Amino acid sequence: MTIGGGSSMDTAKAIGIIINNPEFADVRSLEGVAPTKNHAVFTIAVPTTAGTAAEVTINYVITDPEKVRKFVCVDTNDAPEVAVVDPDMMASMPAGLTASTGMDALTHAIEGYTTKGAWELSDMFHFEAIKLISENLRDSVAEAKSGQPGSGREGMALGQYVAGMGFSNVGLGIDHAMAHTLSAHYDTPHGVACAMLLPIAMEFNKPVCAERLAKVAVAMGVDTTGMSTDEAADAAIAAVKQLSADVNIPHVCEAMKADEIEVLAKDAMADACFPGNPREATLDDVIELFKKICPAA
Ligand SMILES: NC(=O)c1ccc[n+]([C@@H]2O[C@H](COP(=O)([O-])OP(=O)(O)OC[C@H]3O[C@@H](n4cnc5c(N)ncnc54)[C@H](O)[C@@H]3O)[C@@H](O)[C@H]2O)c1
Ligand SMILES: [Fe+2]
């Protein structure tokens, strides 16, 4: 059994895989789509954040401090057999953790909705997840502040899980590729990194997925009546920025160093999430995107 946030669940998933596939004893050999033969040891996963949805996904993310990078392992053999998604297990989260992990879940839902592999079935999960998270994240953060868990917390437990049911089947994109890199270099909490980059990634992807972003606006409760597709896509980006600000997520990464941006961009392009992005991005593009969250650039 694994109980905890994404870090604990991901560590348990890696251990469970290695126990039953000892030829992959070095966890680095599992990066990307891992060709393991055996399913991980029987695992019951109990998330305490809302969240990564690691209890239901086929991914786990490992930090390699020696190489200063986080890497993603993708393997259907790592999915836990049982997920116990109980908002009471998340009730001890302080407001900041509630906000950042909730924005991670929103990023999964929006990136999953716009990723290259998105299709009708994954759209159902992602549209509903965007709706649930948009409706419940502010309340969930308020409940964390007051110490009175309620419907916001319940909605977030469900929303993050539904997002996981979607993105685990289709992948993510440039936001997660860049967020993993940021966290590896500056220890930025995963959800904060995802949230800072989300409106920037949406803006970058707008030329190839404006119609999808327009639907994101609808899922987020924006009245798009009379708006053009372009205006509705912009409204989705504005709604994400507003939600992020309402739950006190910073919009720049103070720790970033301008002279490290090229290394960050190269690392992000090597991340397993990068190819899922709907719009091709060059090194220069990724550098420009990182500059938008670097106060020193
Ligand atoms: N496997 C996946 O599909 C997937 C998806 C997204 C992210 N991730 C990975 O998950 C990790 C992030 O996980 P996370 O955002 O859940 O945070 P986390 O697991 O890293 O936890 C953050 C902190 O919160 C504490 N914490 C956890 N639950 C708590 C609770 N209920 N009350 C008080 N404190 C609590 C932890 O002890 C830790 O100090 C990253 O490494 C990220 O890359 C994995
Ligand atoms: Fe994530």
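The rules behind each value
Residues numbered from 1 in each chain as written. Chains lettered and ligands numbered in written order. Predicted model: local features only at pLDDT ≥ 70, side-chain atom pairs only at ≥ 80, totals over all residues. Heavy atoms only, no water. Pairing = 2+ DSSP bridges. Helix = DSSP H or I, 4+ residues; strand = E, 2+ residues; numbered from the N terminus. Contact = heavy atoms within 4.5 Å. Axes fitted to C-alpha atoms, helices over the stretch in contact; angles between N-to-C directions. Parallel < 35°, antiparallel > 145°, perpendicular 65-115°, else oblique. Left-handed = near helix turned anticlockwise from the far one by under 90°. Nonpolar A, V, L, I, M, F, W, Y, C, P; charged D, E, K, R; others polar. Domains from an automatic or database assignment. Buried area = accessible area lost by both parts, 1.4 Å probe. Salt bridge = Lys/Arg side-chain N within 4 Å of Asp/Glu carboxyl O. Polar contact = N/O pair within 3.5 Å; in protein donor to acceptor, adjacent residues only side chain to side chain. Near = heavy atom within 4 Å. Areas by Shrake-Rupley, 256 points an atom, 1.4 Å probe, with all protein chains shown as cover. Buried < 20%, exposed > 50% of the residue type's maximum accessible area, 1.4 Å probe, protein only. Lys, Arg positive; Asp, Glu negative; His and termini not counted.

S.K.: Explain the sheet that holds strand β3 (residues 44-47) to me, and be specific about the residues and the numbers.
M.R.: The strand order across the open sheet built from three strands is β1-β3-β6, with neighbouring strands paired in parallel fashion. Looking at which strands have only one partner, the edges of the open sheet turn out to be β1 (2-4) and β6 (82-83). Of the pairings in the sheet, the one linking β1 to β3 comprises three bridges and is parallel in character. The residue bridging Thr2 from the neighbouring strand is Ala45, located in β3. Against the sheet, helix α1 (residues 6-20) engages β1 and β3, with an angle of about 160° to β1.

S.K.: Quick rundown of the packing of helix α5 (residues 174-186) against helix α8 (residues 261-269)? Include the residues and the values.
M.R.: Interhelical geometry of α5 versus α8 gives an angle of 130° and a closest axis separation of 8 Å. Between α5 and α8, the interaxial angle falls into the category oblique. When you trace α5 past α8, the crossing you get is right-handed. Each of Ala177, Met178, Thr181, His185 and Tyr186 in α5 lies in contact with α8, whose residues at this interface are Val263, Leu264, Asp267 and Ala268. For the contact of α5 with α8, the residue count by class is six nonpolar, two polar and one charged.

S.K.: An account of the domain arrangement of the protein chain is needed here, citing residue identities and associated values.
M.R.: Segmenting the protein chain into domains produces domain 1 (2-87) and domain 2 (100-291). A straight line from the C-alpha centre of domain 1 to that of domain 2 covers 22 Å. Contacts between domain 1 and domain 2 engage 19 residues on the former and 25 residues on the latter. Note on domain 1 versus domain 2: buried area summed over both sides is about 1800 Å², and carbon and sulfur give 65% of it. Contact with domain 2 buries surface across domain 1, with Ala50, Lys70 and Pro87 losing the most and accounting together for 30% of the total. Between domain 1 and domain 2 we count zero salt bridges in total. Where domain 1 packs against domain 2, one counts six residue pairs in polar contact (both at pLDDT 80 or more). If you list the elements that add at least two residues to the side of domain 1 that touches domain 2, you get β4 (59-64) and β5 (69-74). No other element matches β5, which puts three residues into the side of domain 1 that touches domain 2. Across the side of domain 1 that touches domain 2, the residue classes break down as ten nonpolar, five polar and four charged.

S.K.: Tell me about the site of ligand 1, and name the residues and values.
M.R.: For ligand 1, the set of nearby residues contains 24 residues, the closest of which are Gly6, Ser7, Asp10, Thr49 and Thr57. Between ligand 1 and Thr57 there is a distance of 2.7 Å, counted from an oxygen atom to a side-chain nitrogen or oxygen. Between ligand 1 and Met93, the relevant distance is 3.5 Å, taken from a nitrogen atom to a main-chain nitrogen or oxygen of the residue. Taken by itself ligand 1 offers 870 Å² of open surface, and the protein chains cover 73% of this. Mapped onto the shell around ligand 1, the elements with two or more residues apiece are α1, β4 and α2 (95-114).

S.K.: Give a detailed account of the side chain of Asp10, specifying residues and quantitative values.
M.R.: Positionally, Asp10 belongs in helix α1. Despite being buried, Asp10 has no salt bridge partner; Lys13 is the closest side chain of opposite charge, sitting 4.5 Å away. Among the polar contacts listed, one links the side chain of Asp10 to the backbone nitrogen of Val61, at a separation of 2.9 Å. Asp10 has contacts with Ala54, Asn59, Tyr60, Val61 and Ile62, leaving out every residue within four places of it along the chain.

S.K.: Describe the sheet that holds β5, naming the residues involved and giving the relevant values.
M.R.: If you trace the three strands from one edge of the open sheet to the other, you get β2-β5-β4, paired in mixed fashion. One side of each edge strand has no neighbouring strand; the edge strands of this open sheet are β2 (32-33) and β4. Alignment of β2 against β5, held across two bridges, turns out to be parallel. Considered in β5, the bridge of Val33 is made with Val74.

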